[in-house]
Amino acid sequence: MTTTRRPKIGLRDVAKYANVSLATASRTLSNPDLVSQAVREKVYEACKALNYIPNRTARRLSQHRSETIGLIVPDISNPLFAPTIDGLRSVLDENDLGLMINSAERDVRRELAQVRTLLEYGVDGIVTLMPLHDDDLMAMVTAANVPLVHLSPVCDLGYLPAVRFDNATAMREMVGQVIAQGHRRIAVLSGHRSATPIVTERLDTVLTCLDTAGLRPPPEWIAESAFGSTEARAAAARILTQPERPTAIICTGDQHAAATVMEAHALNIDVPGALSVTGCNDVSLARLCHPRLTTIHLPYRELGTAAAELLLATIQGQEVRATKTLPHSIVMRESLAPPPKESS
């Protein structure tokens, strides 16, 4: 059996079907406000009847634009980045723009190579979630005259348009909440300092706050581990099986907090009756935990939305603020309560 490829429907066919000139059909699809409603209806009806799909490549070439934005994330498998990508995508959808996503695997040289590739593809702008960059990055995008928006809660580079939240202040507020509940025996569970600058800043902030309050935990109450449930539970167990146990554990992320709650249950330690636990990020896991986690809500989706709006404003030549800081909030749930009376 053989098939014959049908000729591709073109704009000239649309114009003929609608009984308008080729220029009018083109103007209707590219600048509909410049033609009458009657003409628009005729051209749109012709497109529908003929199943005509406009050739964006030709339009892009004529406008010297790709109508595509490049995005670089540190790790495509990290669920924390999903809301940010969704926020970015929602704004791009509203503006009929495409999105190319790359994962730098937390490697600044890999990010630099991906930026070069995106520039070769002619993207109109780039958003990067990488907290640190290669020294050559800015020179590359400046030479290409392509706007780049930096999106990270740490490492405010100043000379880049940036969207962020105040990572350190958020952790200080959480430490204040735990102390305000009456806790004085406070432990800290975190990801490894080497994981990301964000984790490092959170851990350092918590320890500094506890030092300032005269509540520095003993070394055996400070633990760092990988993010996997097995590793995080093992780290929590090391704290909870000490001869003297804390009444609260502040975690720098919800994954470690949930692992701590699970390990406490396994050791028959009541949460929050005998042990309070707090997290950070307010991912869905925080609401699925039992008890639900007191945590810090960070505006991950809003970061993506704001980054897209900032990038589009820059592309359009508008003046934008160098840095936009979005608000965070403490979400009080059942995992934080006053310490046992004999411990307060």
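To be clear, the structure that these remarks concern was listed above.
Conventions and cut-offs
Residues numbered from 1 in each chain as written. Predicted model: local features only at pLDDT ≥ 70, side-chain atom pairs only at ≥ 80, totals over all residues. Heavy atoms only, no water. Phe/Tyr/Trp six-rings, centres within 6.5 Å; stacked < 30°, edge-to-face > 60°. Helix = DSSP H or I, 4+ residues; strand = E, 2+ residues; numbered from the N terminus. Buried < 20%, exposed > 50% of the residue type's maximum accessible area, 1.4 Å probe, protein only. Salt bridge = Lys/Arg side-chain N within 4 Å of Asp/Glu carboxyl O. Axes fitted to C-alpha atoms, helices over the stretch in contact; angles between N-to-C directions. Parallel < 35°, antiparallel > 145°, perpendicular 65-115°, else oblique. Contact = heavy atoms within 4.5 Å. Nonpolar A, V, L, I, M, F, W, Y, C, P; charged D, E, K, R; others polar. Left-handed = near helix turned anticlockwise from the far one by under 90°. Expected span 1.5 Å × (residues − 1). Polar contact = N/O pair within 3.5 Å; in protein donor to acceptor, adjacent residues only side chain to side chain.

**A few points about the packing of aromatic side chains**
Under the counting rule described, the total for this entry stands at one aromatic pair. A centroid spacing of 5.7 Å and a plane angle of 85° characterise the contact between F165 and Y300, whose relative ring orientation is edge-to-face. Of this pair, F165 sits in strand β5 (residues 162-165) while Y300 sits in helix α13 (residues 300-315), and the two are 135 residues apart along the sequence. With respect to class, F165 is no different from Y300; both count as buried.

**Remarks on the pattern of salt bridges**
This model, assessed by the stated rule, comprises twelve salt bridges. Linking E244 and R185 is a salt bridge whose minimum nitrogen-to-oxygen distance equals 3.9 Å. In this pair, E244 sits in the loop between α10 (229-240) and β8 (248-251) while R185 sits in the loop between α8 (167-180) and β6 (186-191), placing the two residues 59 residues apart along the sequence. Owing to a relative accessible area of 49%, E244 belongs among the partly exposed residues under this scheme. Here R193 ties to E224 by a salt bridge, and the two come within 3.4 Å at their closest N and O atoms. Taken together, the residues R193 in the loop between β6 and α9 (197-212) and E224 in strand β7 (residues 222-225) connect sequence positions 31 residues apart. With a relative accessible area of 33%, R193 lands in the partly exposed category. Where salt bridges share partners, they join D86, R89, D93 and R301 into one cluster.

**Topic: the packing of helix α2 (residues 22-30) against helix α3 (residues 37-50)**
Between α2 and α3, the shortest axis-to-axis distance is 10 Å and the interhelical angle comes to 90°. Between α2 and α3, the angle is such that the two are roughly perpendicular. Contacts from T24, A25, T28 and L29 in α2 reach V39, R40, V43, Y44 and C47 in α3. Counted by class, the contact of α2 with α3 contains six nonpolar, two polar and one charged residues.

**Considering the environment of P197**
Mapped onto the secondary structure, P197 falls in helix α9. Taking the C-alpha atoms as reference points, P197 and P340, 143 residues apart in sequence, are found 35 Å from one another.

**A closer look at the packing of helix α1 (residues 11-18) against α3**
Two elements in contact, α1 and α3, have axes separated by 9 Å at closest approach and are oriented at 120°. On the basis of the axis angle, α1 is oblique to α3. For the pair α1 and α3, the crossing hand works out as right-handed. Counting all contacts with α1, which are made through D13, V14, Y17 and A18, the residues of α3 involved are K42, V43, A46, C47, A49 and L50. Residues of the contact of α1 with α3, tallied by class, amount to eight nonpolar, no polar and two charged.

**Some thoughts on helix α6 (residues 108-120)**
The end-to-end C-alpha separation of α6 is 19 Å, in line with the 18 Å expected for 13 residues at 1.5 Å each. Of the surrounding secondary structure, the elements contacted by the buried residues of α6 are β1 (68-73), β2 (98-103), β3 (125-128) and α7 (137-144). Of the residues that open α6, the one with a side-chain oxygen 2.9 Å from the backbone nitrogen of R109 is D107. Remark: G122 follows α6 within two positions and exhibits a positive phi of approximately 80°.

**Re the side chain of E111**
The topology assignment puts E111 in helix α6. Reaching out from E111, the side chain makes a polar contact with the side chain of H133 at a distance of 3.0 Å. Here E111 is in contact with I72, A104, T128, M130, L132, H133, D134 and L137, once residues within four sequence places are set aside.

**Examining the environment of V35**
Mapping V35 onto the fold places it in the loop between α2 and α3. With a relative accessible area of 12%, V35 lands in the buried category. Measuring from C-alpha to C-alpha, the distance between V35 and D166 comes to 49 Å, with 131 residues separating the pair along the chain.

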